[in-house]
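Here's the letter readout for the chains.
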Amino acid sequence: MRDYGFGSGGAFHWFLQRVSGVVLFILLLVHFLTTHYFPVGDITYQKVLARLSQPGWKLFYMVFIALGLYHGINGIWIIAQDYVARSSWRFIILGLLMVAGLILFMLGSITVIPFKA
Amino acid sequence: MPTRRFKIFRYNPHTDERPRYQEYEVQVPTGSTVLDALNEIKWTQDGTLTYRRSCRHGICGSCAMTINGANMLACEAQVHTLKRDPIVVEPLRSFPVIKDLVVDMDGFFDKLLLVKPYLIVKTPPPTDKERYQSPEDRKLLDGAYECILCGACTSSCPSFWADKEFLGPAALLKAYRFIFDTRDEGVQERLDVLDNKHGLWRCHTIFNCVEACPKGLNPTWAIGELKKKVISEKF
Ligand code: FES
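Residues numbered from 1 in each chain as written. Chains lettered and ligands numbered in written order. Predicted model: local features only at pLDDT ≥ 70, side-chain atom pairs only at ≥ 80, totals over all residues. Heavy atoms only, no water.

Draft legend 1. Quick peek at the overall build of chain B. Within chain B, the regular secondary structure consists of nine helices and seven strands. Considering only C-alpha atoms, chain B reaches an extent of 60 × 40 × 30 Å along its principal axes. Contacts in chain B between residues far apart in sequence, at least 24 positions, make up 64% of those at least 6 positions apart. Carbon and sulfur atoms provide 52% of the accessible area of chain B, an area that totals close to 11,500 Å². In chain B, 33 positive and 31 negative side-chain charges are present, and the distance between their average locations comes to 2 Å. (Helix = DSSP H or I, 4+ residues; strand = E, 2+ residues; numbered from the N terminus. Contact = heavy atoms within 4.5 Å. Areas by Shrake-Rupley, 256 points an atom, 1.4 Å probe, with all protein chains shown as cover. Lys, Arg positive; Asp, Glu negative; His and termini not counted. Charge placed at Lys NZ, Arg CZ, Asp CG, Glu CD.)

As structure tokens, then:
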């Protein structure tokens, strides 16, 4: 049975985990600064609406969602690889994680993309 | 002369159903090491106590064991520095116990062979001299060639506890020693073993190996360098 270690030995995903980590940190900083620390006036639904209606911010949050999900799910997968030796179990876990990731990504997308003022 | 108590892990698979601990009292003159105490027990109190030792000065790597919970060489562990009483002596964790403090190191050495711990060269050597290694090139290997293969690092590694197939810090440090040897041309051959689900990526920089190494080496750092090397080779 094939080893479910992401095709190669894992170099690519190890690297991407680091890159996504750094990018996420920056995105998170921007998100926190604009939303929580330096909002112009009080945070109101109208303001969030206005911001999230702009295509630039939509793209920002889609990237955020994609990278956040990748980073989190890959992290769980790495832990699973540490402790789960059986290929069949690895296959099941990887499958469940991918399905969960896909569902969450879809939920995120249908929230962010159609958002209109 | 001060007396110290030792609580020692005992297990004989032929007669014991499960491991047990046995206590001994030993007179320890100043300067005694744990190995001296074990010798004293074996030679004067209980000849059945089994452990490995050879050089008794920290170079053969046979006497690595867990002393008061930490991996060290029995021949280098000074009894007077060990505060806990009794001093608890156990075999290296996560290796199968053969008897008492003697563990099966076969898997450990098999993994060492997997990383091809020898110079791999493809170009013919110069006819009039040896392959050149400059002093700077030689310096790159400082901290990598001194490993005595005692197994203290691998046995202290939580990634190895979880995955017995994991190459472990000792084998990876050896891989570093050859991959970063400027005369070596075998990176590609070693890549599959390193970039593998039981290879480099199982190291999560926990640093236990650094703490355990009786030679003060830093396998975690070397593994980090190998990760960078593999990434740059592949992408
Ligand atoms: S007896 Fe050789 S290292 Fe301890």
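Draft legend 2. Seen up close, the packing of helix H3 (residues 55-83) of chain A against helix H4 (residues 87-112) of chain A. Residue and element names in this part refer to chain A. It is at 10 Å that the axes of H3 and H4 come closest, and there the two elements cross at 165°. Between H3 and H4, the interaxial angle falls into the category roughly antiparallel. The interaxial crossing formed by H3 with H4 has right-handed handedness. When H3 is examined against H4, the residues Lys58, Tyr61, Met62, Ile65, Ala66, Leu69, Ile73, Ile76, Trp77, Ala80 and Gln81 are found in contact with a partner set consisting of Arg90, Ile93, Leu94, Leu97, Gly101, Leu104, Phe105, Gly108, Ser109 and Val112. Among the residues forming the contact of H3 with H4, the class breakdown is 15 nonpolar, four polar and two charged. (Axes fitted to C-alpha atoms, helices over the stretch in contact; angles between N-to-C directions. Parallel < 35°, antiparallel > 145°, perpendicular 65-115°, else oblique. Left-handed = near helix turned anticlockwise from the far one by under 90°. Nonpolar A, V, L, I, M, F, W, Y, C, P; charged D, E, K, R; others polar.)

Draft legend 3. Representation of the packing of aromatic side chains. Enumeration according to the criterion identifies 15 aromatic pairs over all chains in this entry. With a centroid separation of 5.0 Å and 65° between ring planes, the pair formed by Trp57 of chain A and Phe60 of chain A is classed as edge-to-face. With a gap of three residues between them, Trp57 of chain A and Phe60 of chain A both fall in helix H3, about one helical turn apart. For the pair formed by Trp57 of chain A and Phe60 of chain A, the shared burial category is buried. With a centroid separation of 5.5 Å and 55° between ring planes, the pair formed by Phe95 of chain B and Phe160 of chain B is classed as tilted. Of this pair, Phe95 of chain B sits in the loop between strand S5 (87-90) and strand S6 (97-99) while Phe160 of chain B sits in helix H5 (residues 158-162), and the two are 65 residues apart along the sequence. A relative accessible area of 8% means that Phe95 of chain B is categorised as buried. An aromatic cluster of three or more residues is present, and its members are Trp57, Phe60, Tyr61 and Phe64 of chain A. Between the NZ or CZ atom of Lys229 of chain B and the centre of the ring of Phe180 of chain B, over which it lies, the distance is 5.8 Å. (Phe/Tyr/Trp six-rings, centres within 6.5 Å; stacked < 30°, edge-to-face > 60°. Buried < 20%, exposed > 50% of the residue type's maximum accessible area, 1.4 Å probe, protein only. Lys NZ or Arg CZ within 6 Å of the ring centre and 35° of its normal.)

Draft legend 4. The arrangement of helix H2 (residues 45-52) of chain A in detail. All names here are of chain A. When H2 is considered as a whole, its buried residues turn out to be Leu49, Arg51 and Leu52. Looking straight down H2, one finds that the buried residues subtend no more than 165° of arc, so they occupy a single side. Residues of H2 that are buried make contact with helix H1 (11-37) and H3. (Arc of directions from axis to C-beta.)

Draft legend 5. Seen up close, H1 of chain A. Look at H1 of chain A: 37 Å from first C-alpha to last across 27 residues, which is about the 39 Å you get at 1.5 Å a residue. Among the residues of H1 of chain A, Ala11, His13, Trp14, Gln17, Ser20, Leu24, Leu27, His31 and Thr35 of chain A are the ones counted as buried. As for H1 of chain A, its buried residues are in contact with H2 and H3 of chain A together with helix H9 (219-234) of chain B. (Expected span 1.5 Å × (residues − 1).)

Draft legend 6. Region of interest: the domain arrangement of chain B. All names here are of chain B. If you check the domain split of chain B, you get domain 1 (3-103) and domain 2 (106-234). A separation of 29 Å is found between the C-alpha centroids of domain 1 and domain 2. In this complex, domain 1 contributes twelve residues to the contact, which on the side of domain 2 involves 15 residues. Between domain 1 and domain 2 the total buried area reaches about 1,000 Å² when both faces are included, carbon and sulfur atoms providing 59% of it. Considering only the side of domain 1, the residues that lose the most area to domain 2 are Asn71, Ser94 and Phe95, jointly responsible for 47% of the buried surface there. Linking domain 1 to domain 2 there are one salt bridge. Two residues, Glu76 and Lys215, come together in a salt bridge whose shortest N-O distance is 3.7 Å. Seen at the junction of domain 1 and domain 2, the total is five residue pairs in polar contact (both at pLDDT 80 or more). (Domains from an automatic or database assignment. Buried area = accessible area lost by both parts, 1.4 Å probe. Salt bridge = Lys/Arg side-chain N within 4 Å of Asp/Glu carboxyl O. Polar contact = N/O pair within 3.5 Å; in protein donor to acceptor, adjacent residues only side chain to side chain.)

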